[in-house]
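Chain and residue survey
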Amino acid sequence: MNTTGSIPADAFSFRSPYGRRAVGLSVAAAVGGFLFGFDSSVINGAVDSIQQDFGLNAVVTGFVVAIALLGCAVGAIVAGSLSDRWGRLRVMFLGAVMFFISSLGAGLAFSVWDLALWRVIGGLGIGIASVIAPAYIAEIAPRQIRGGLASLQQLAITLGIFAALLSDALLQNAAGGADEVLWLGLEAWRWMFLVGVIPSAVYGILAFTLPESPRYLIAKGRYDEARAIFERLVPAADLDQTMKDLQTTIETDRKNAGVSIRGPVLGLQRIVWVGIILSVFQQFVGINVIFYYSTSLWNSVGFDESNSFTISVVTSITNVLVTLVAIFLVDRVGRKPILLTGSVMMTLSLGAMAIAFLFSTTDSEGAVTLPAPWGPIALVAANLFVIGFGASWGPLVWVLLGEIFPSRIRGKALGVAAGAQWIANFLITVSFPAMSDWSLPATYGMYALFAALSFVYVAWRVPETKGMDIEQTETLFTRKDARAAGTV
């Protein structure tokens, strides 16, 4: 290795021993993101069967699909304080247990209301995992590869989405239909939920095998344990300085323990609003409509059930591949250019979907069909939308949320921003069935408008943070505030 002083110049590359160890820990922690993605999309293949079996209208169907997201919001908000009190790993295990119980309960649900209860419990676990995973990764990741490691959270989410849609498709095909009995007298759609016990068990086991966050250990006075972990993550020449810097940061955080995120802009500090707005835009472009309802959507525009499941799986594979592209580019190209490019792609593709559905027809039973060539156009546009999102706003918002907040308010601000993300997701998810019944062109046109606004906001308010220490990023937003006083 080439060296600069006594620290190898490539000590923190993904190929170095230190980089590989950081990647290994980050991948294990990111299984929480896998649960997030799995839970988000597993209901995709079960929506129509749930609606038919329980006799639900569009509004109640949307509520059952989205109710888990309210649990996610609560879990995200309380995760930070719980992890500071109990440690990252114990809270990881709590999230795994909640999702395990939820998978069993949802698969064996006897009414729509107990199904909703189990999904809320699962949502609490997923909300916890959504905060703990990126926080843990940020606390063990060297800054030189922090962007790539933080993006593993989104990669894990996309893999969870893929696994859920693939298992849905396999179970549907094995049974001959999602509403057909498969094993043990249970319909295929119930097994779609039950398979969730497998990833939740894996996550729970990992919580017993990962090392605790060095930051948490130092905060609790367990310096020798923290040092032993850092010995495997940073070169010996940098070990003492790493420990010293972290101790200084923790002492500063303690002095600022009573510091509030309250501020002059609608009751919050401006930087908190930046995180909230980024989170809301990430959801208001309607990405989860594709992953929650795509099977029903493609079935409604002329594809049979089997092909609709297959299309959903292909879309999820696309999502995984473009997330890998984002991980490769984020620390090379930077955050802002990728976000702006993604906003343009999403605006154009969503606009194309809105135009395509202008030509849809509805029969006497309410079934929507798209005449040629608009069905294939809508399908291509939907996948281009997934590419634009998956290569930009999907992973990069998580990266920015992990690095834009100053340490004195990071835990509180991250919890609020993540909670806002879940609430925004809930609003889009619960409203889609009713809005699609009203007007699909207007629905996708609204998502296109939010995508266009996301471009404007990033160009206006989000500076580049590539390659900077986390504490340096605060100064960028401070300068922005000085130039744009009175705005968010």
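The rules behind these values
- Position labels on residues start from 1 in each chain and follow its written sequence.
- At least 70 in pLDDT is required for a residue's local features to be given in this predicted model, at least 80 for side-chain atom pairs to be given and counted, and no such filter applies to totals for whole chains, interfaces and linings, which use all residues.
- Calculation of side-chain values draws on the structure's entire complement of heavy atoms; hydrogens and water are dropped beforehand.
- Secondary structure follows DSSP: runs of H or I at least 4 residues long count as helices, runs of E at least 2 residues long count as strands, and numbering of each begins at the N terminus.
- Burial status follows relative accessibility: with a 1.4 Å probe on protein chains alone, a residue under 20% of its type maximum counts as buried, one over 50% as exposed, and anything between as partly exposed.
- Every axis in this analysis is a line fitted to C-alpha atoms, fitted for helices over the stretch in contact. Angles between the N-to-C directions lie between 0 and 180 degrees.
- Roughly parallel covers angles under 35 degrees, roughly antiparallel covers those over 145, roughly perpendicular covers 65 to 115, and oblique covers all other angles.
- Working rule for handedness: look at the near helix, and if it is turned counterclockwise from the far one by less than a right angle, call the crossing left-handed; if clockwise, right-handed.
- Note on definitions: a residue-residue contact is assigned when non-hydrogen atoms from the two residues lie within 4.5 Å.
- Gly counts as polar in this scheme, as do all residues outside two lists: the nonpolar Ala, Val, Leu, Ile, Met, Phe, Trp, Tyr, Cys and Pro, and the charged Asp, Glu, Lys and Arg.
- Ring geometry is summarised as follows: Phe, Tyr and Trp rings, the Trp one being its six-membered ring, pair when their centres sit within 6.5 Å, and such pairs are stacked at plane angles under 30 degrees, edge-to-face over 60 and tilted between the two.
- Expected span of a helix, by definition, is 1.5 Å for each gap between consecutive residues, and there is one gap fewer than residues.
- Working definition of a nonpolar core: buried Ala, Val, Leu, Ile, Met, Phe, Trp, Tyr and Cys residues. They are joined through side-chain atoms within 4.5 Å.
- Per-residue confidence from the prediction method is given by pLDDT, with values spanning 0 to 100.
- Two distance rules govern patches: like charges are joined within 9 Å, and nonpolar side chains (Val, Leu, Ile, Met, Phe, Trp, Tyr) within 5 Å, applied only to residues with over 30% relative accessible area and no salt bridge.
- Surface accessibility in these figures is a Shrake-Rupley result with a 1.4 Å probe; residues are shielded only by whichever protein chains are displayed.
- Any Lys or Arg side-chain nitrogen located within 4 Å of an Asp or Glu carboxyl oxygen qualifies as a salt bridge.

Remarks on the overall build of the protein chain
Within the protein chain one finds 21 helices and six strands. The 488 residues of the protein chain split such that 58% are buried.

Section: the packing of helix α16 (residues 335-356) against helix α17 (residues 374-390)
Two quantities define a packed helix pair, namely the angle between the helix axes and the distance between the axes. Where α16 contacts α17, the axes come no closer than 8 Å and their chain directions differ by 160°. Accordingly, the angle class assigned to the pair α16 and α17 is roughly antiparallel. When the axes of α16 and α17 are compared, the crossing they make is left-handed. Of α17, the residues touching α16 (which contributes Gly342, Met345, Met346, Ser349, Leu350, Ala352, Met353, Ile355 and Ala356) are Trp374, Ile377, Ala378, Ala381, Ala382, Leu384, Phe385, Ile387, Gly388 and Phe389. Tallied by class, residues from the contact of α16 with α17 come to 16 nonpolar, three polar and no charged.

Observations regarding unusual backbone geometry
Positive phi values are uncommon outside glycine, yet Leu184 reaches one of about 55°. For Leu184, the position within the fold is in the loop between β3 (181-183) and β4 (186-187).

Topic: the side chain of Asp39
For Asp39, the position within the fold is in helix α2 (residues 31-42). Setting aside residues up to four positions removed in sequence, Asp39 forms contacts with Ala68, Phe99, Arg119 and Ile126.

Looking at the packing of aromatic side chains
Here the structure, examined in full by the defined rule, presents 13 aromatic pairs. Ring centres 5.3 Å apart and planes at 80° place the aromatic pair Trp183 and Trp191 in the edge-to-face group. Under the relative-accessibility criterion, Trp183 is labelled partly exposed at 46%. Where Phe281 meets Trp393, the ring centres are 6.4 Å apart and the plane angle is 75°; that geometry is what we call edge-to-face.

Brief notes about helix α5 (residues 88-107)
The end-to-end C-alpha distance of α5, which contains 20 residues, comes to 29 Å, matching closely the 28 Å that a straight helix rising 1.5 Å per residue would cover. Within the sequence span of α5, burial applies to Arg88, Leu89, Val91, Met92, Gly95, Ala96, Phe99, Ser102, Ser103, Gly105, Ala106 and Gly107.

Notes on the nonpolar core
Among the nonpolar cores identified, the biggest contains 83 residues, and Ile50, Met92, Tyr136, Met192, Phe193 and Trp422 are the most heavily contacted of them. When residues in this core are grouped by element, the largest group, 11 residues, is from helix α7 (residues 146-175). In this structure, Trp422 is in contact with Phe36, Leu69, Cys72, Ala73, Ala76, Ile126, Gly127 and Ser130, ignoring residues within four places of it in sequence. Leu339, Ala382, Val386 and Ala448 belong to the second-largest nonpolar core, a separate cluster that totals 59 residues.

A look at the packing of α2 against helix α6 (residues 112-140)
Their axes nearest at 8 Å, the elements α2 and α6 cross at an angle of 145°. At the point where α2 passes α6, the crossing takes the left-handed sense. On α6, the residues touching Gly32, Leu35, Phe36 and Asp39 of α2 are Arg119, Ile126, Ala129 and Ser130. For the contact of α2 with α6, the class distribution of residues is four nonpolar, two polar and two charged.

Considerations on the confidence of the model for the protein chain
Looking at the protein chain as a whole, the pLDDT averages 78, with 82% of positions reaching at least 70. Residue range residues 1-5 is modelled with pLDDT below 50. Its contacts to residues more than four positions away, or to other chains, number nine contacts. Contacts from residues 484-488, a stretch scored under 50 in pLDDT, to residues over four places away or in other chains number 13 contacts.

Focus: a nonpolar patch on the surface
There is a patch of nonpolar side chains on the surface, built from Phe93, Val97, Phe100, Ile101, Leu104 and Phe208 and spanning about 520 Å² of accessible area. Along the chain, the position of Val97 falls in helix α5.

Some points on the pattern of salt bridges
Per the stated rule, a full pass over the model turns up two salt bridges. Residue Glu187 is joined to Arg190 by a salt bridge in which the shortest nitrogen-to-oxygen separation is 3.0 Å. Of the two residues, Glu187 and Arg190, both sit in the buried class. Across the salt bridge formed by Glu225 and Arg222, the nearest N and O atoms sit 2.9 Å from each other.

What about helix α13 (residues 270-284)?
Between the first and last C-alpha of α13 there are 21 Å, a value that for 15 residues agrees with the 21 Å anticipated at 1.5 Å per step. Within α13, 13 of the 15 residues are buried, which leaves it mostly tucked inside the rest of the structure. One or two positions beyond α13, positive phi appears at Gly286, with a value near 85°.

Quick look at the environment of Trp118
Considering the arrangement of structural elements, one finds Trp118 in helix α6. You can call Trp118 partly exposed: its relative accessible area is 23%. Along the backbone, Trp118 and Leu108 are 10 residues apart, and their C-alpha atoms lie at a distance of 9.9 Å. Excluding residues that lie within four positions of it along the chain, Trp118 makes contacts with Ile101, Ser102, Gly105 and Ala106.

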